[in-house]
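Chain by chain, the residues:
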Amino acid sequence: QLQLVESGGGLVQPGGSLRLYCAASGITLGYYAIGWFRQAPGKEREGVSCISSSGGSSKYADSVKGRFTISRDNAKNTVYLQMNSLKPEDTAVYYCAALEEIYYSGKCNYADFDYWGQGTQVTVSS
């Protein structure tokens, strides 16, 4: 019954932008911290950005600071990841995940998150 569905991925040229969407059903997203994670073939999953349930605090991986912005619209049960100045090394499958706020440490550790979407592919190539 709980579902997280990512969308917005695709192929973009270096320097371009994409906006990813994470739509939730079966839960009230306003009670959950949300993270965006990514995984490239043969590489470990890494935390890209995480946001608290209220949107009052957020974390970013060093590799995306200044380029990516996480935000949320709890009334729409949706979390966004705006990705600007994309680089080829950003190529990966991007996942959103949810964690009850009371268990959220603020560390953006993928192992802590309980509910996962199926992912959306982002490819940055010229």
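So, here is what we can say about the structure in this document. (Residues numbered from 1 in each chain as written. Predicted model: local features only at pLDDT ≥ 70, side-chain atom pairs only at ≥ 80, totals over all residues. Heavy atoms only, no water.)

**Details of the nonpolar core**
Inference 1: By size, the foremost hydrophobic cluster in this structure holds 28 residues, and its most contacted members are Trp36, Phe68, Val79, Leu81, Met83 and Tyr94.
Inference 2: Going through the elements one at a time, strand S3 (18–25), strand S4 (32–39), strand S5 (46–51), strand S7 (68–73), strand S8 (78–83), strand S9 (92–100) and strand S11 (120–124) are the ones with two or more residues in this core.
Inference 3: Contact partners of valine 79, with chain neighbours within four places excluded, come to Leu20, Tyr21, Cys22, Leu29, Ile34, Trp36, Ile51, Ile70, Ser71 and Arg72.
Inference 4: Listed in part, the eight residues of the second largest apolar core include Phe37, Tyr104, Cys108 and Phe113. (Core = buried A, V, L, I, M, F, W, Y, C linked by side-chain atoms within 4.5 Å. Buried < 20%, exposed > 50% of the residue type's maximum accessible area, 1.4 Å probe, protein only. Helix = DSSP H or I, 4+ residues; strand = E, 2+ residues; numbered from the N terminus. Contact = heavy atoms within 4.5 Å.)

**What about the state of the cysteines?**
Inference 1: Going through the model one piece at a time under the given rule, you end up with two disulfides.
Inference 2: Between the sulfur atoms of cysteine 50 and its disulfide partner cysteine 108 the distance amounts to 2.1 Å. The sign of the S-S torsion, about 80°, decides the handedness of the disulfide formed by cysteine 50 and cysteine 108: right-handed. Of the two residues, cysteine 50 is situated in strand S5 and cysteine 108 in the loop between S9 and strand S10 (115–116); the sequence distance between them amounts to 58 residues.
Inference 3: Cysteine 108 sits in the buried class, given a relative accessible area of 12%.
Inference 4: With cysteine numbering restricted to those in disulfides and following the sequence, the protein has the pairing 1-3, 2-4. (Disulfide = S-S within 2.5 Å.)

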